[in-house]
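# Descriptive analysis of the structure
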Amino acid sequence: MRVGIDVGGTTVKIGFVDDYKIIYRLVVETKKDTLFDDVFKAVKCFIEEKNIKISEIGFGLPGHVSGTYIDKLPNIGIYDLDIKPIANKYFPNINIYTTNDANAAALGELLNDKDNVKSAYMITLGTGVGGGLVIDSKVVNGYHSNCGEIGHIYIDFNHNYQCTCGLKGCLETVASATGIVRLANDYYDQFKTSIDRNNMSAKTILDAAKKNDELGLFILNYVSESLGRAIATIELSVDVERIYIGGGVSDAGDILINKIKEYYKNYSHYAIKDLEITKAKLGNDAGMLGAAYLY
Ligand SMILES: [Zn+2]
């Protein structure tokens with residue numbers, strides 16, 4: 001059995017995986033000072049209790065990692081830490097792997113895909129916009145461990161909104177949940193709309209688009225065009241078989257995915273027009289499943 005661990009800001013999700021299925025799950029609270037000791041202890045206790053043999057432990061981590069060395073996990077407050085010596089205290093003979101959480105999720109979606117897909121790119125539309133790349137069923141971390149940081153490509157020349165990363169006009173400033181609300185606020189007075197301005201979220205805006213609300217449709221189109229253009233650029237660089245769209249915003253479903261496809265076709269080179277763009281299916285399990293197969 002393999003162990004795939006998805007480290008989040010408040011909880012750590014631990015999955016015990018066999019034959020690409022999560023068989024057992026554990027959840028541990030994220031505590032900055034003892035995180036990895038807590039996790040390894042929990043895994044050790046569990047496998048002893050259940051008499052399970054494990055072959056590897058993989059982590060999807062929210063930040064920059066390289067090998068077993070963590071450069072930074074800014075949301076948790078962990079910097080400059082090698083987890084190998086901590087792992088050795090509990091598991092001296094087991095391989096430990098790490099990657100960025102978005103990469104782990106991308107691999108998880110690919111492994112769950114029934115079509116035997118070998119290369120894919122996953123875009124996560126949440127509070128921010130993240131991405132992960134898998135080629136030949138292996139995650140690509142990149143030289144700066146920054147591969148897949150699609151949220152920060154310069155895509156929105158129209159507004160040049162300030163991004164949290166310090167740049168302006170990043171994809172994230174218009175295609176994340178927060179970006180969508182900001183756009184709707186800025187265009188609120190220019191369209192007829194039934195969206196409650198004091199209660200706006202990406203969900204209420206995209207739900208309104210489903211009912212042909214003018215503002216909702218304008219935002220849907222704007223966001224989809226930004227993503228379609230971004231994906232056309234990604235695909236010419238990496239030429240993967242499939243794009244998965246995940247994260248809370250993707251729960252809007254077909255209306256969003258179909259619009260993104262429409263714009264992708266407008267912006268893509270003729271040789272890559274048949275790229276498949278689909279909604280991610282695994283939700284929160286993707287990170288655990290992918291982390292278990294990082295070898
Ligand atoms: Zn940015």
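Residues numbered from 1 in each chain as written. Predicted model: local features only at pLDDT ≥ 70, side-chain atom pairs only at ≥ 80, totals over all residues.

### Examining the overall build of the protein chain
Defined as follows: Strands are runs of DSSP state E lasting at least 2 residues, helices are runs of H or I lasting at least 4, and numbering of each runs from the N terminus. Between the two quantities, the radius of gyration covers C-alpha atoms and the globule rule is 2.2 Å times the number of residues to the power 0.38. Exposure classes come from backbone-placed C-beta atoms, where a residue is buried if 20 or more other C-beta atoms lie within 10 Å of its own, exposed if 12 or fewer do, and partly exposed in between. Contacts are defined on C-beta atoms placed from the backbone: any two residues whose C-beta positions lie within 7 Å are in contact.
Across its full length, the protein chain carries 9 helices and 13 strands. Relative to its length of 295 residues, the protein chain is compact, with a C-alpha radius of gyration of 20 Å against a globular reference of 19 Å. The principal-axis extent of the C-alpha atoms belonging to the protein chain is close to 60 × 45 × 35 Å. Split into buried and exposed, the 295 residues of the protein chain put 45% on the buried side. Within the protein chain, residue pairs in contact and separated by at least 24 positions form 61% of the contacts whose partners lie at least 6 positions apart.

### Some details on the pairing of strand 10 (residues 129-135)
As a reminder of what qualifies: Two strands qualify as a pair provided that DSSP identifies no fewer than 2 bridges between them.
Counted residue by residue, strand 10 has 6 buried out of 7 residues, so it is predominantly covered. One ladder, built from 6 bridges, connects strand 9 (residues 120-125) with strand 10; its direction is antiparallel. Paired with leucine 125 across the two strands is valine 129, which belongs to strand 10. As judged from the 2 bridges shared by strand 10 and strand 11 (residues 138-139), these two strands associate in the antiparallel manner. Bridged to isoleucine 135 within strand 11 is lysine 138. Between strand 10 and the antiparallel strand that follows it, strand 11, lie 2 residues; aspartate 136 among them carries a positive phi value of about 50°.

### Focus: the sheet that holds strand 11
Counted only if it meets this: Axes here refer to lines fitted to C-alpha atoms; in helices the fit is confined to the stretch in contact. Angles between the N-to-C directions go from 0 to 180 degrees.
Strand order in the open sheet formed by 5 strands is 11-10-9-12-13, with mixed pairing between adjacent strands. If you trace the sheet from one side to the other, it starts and ends with strand 11 and strand 13 (276-279), each paired once. Across 4 bridges, the pairing between strand 12 (residues 242-246) and strand 13 is parallel. By the bridge assignment, tyrosine 244 is partnered in strand 13 with threonine 278. Taken strand by strand, helix 3 (residues 101-112) contacts strand 9, strand 10, strand 11 and strand 12, and its axis lies near 55° from that of strand 10.

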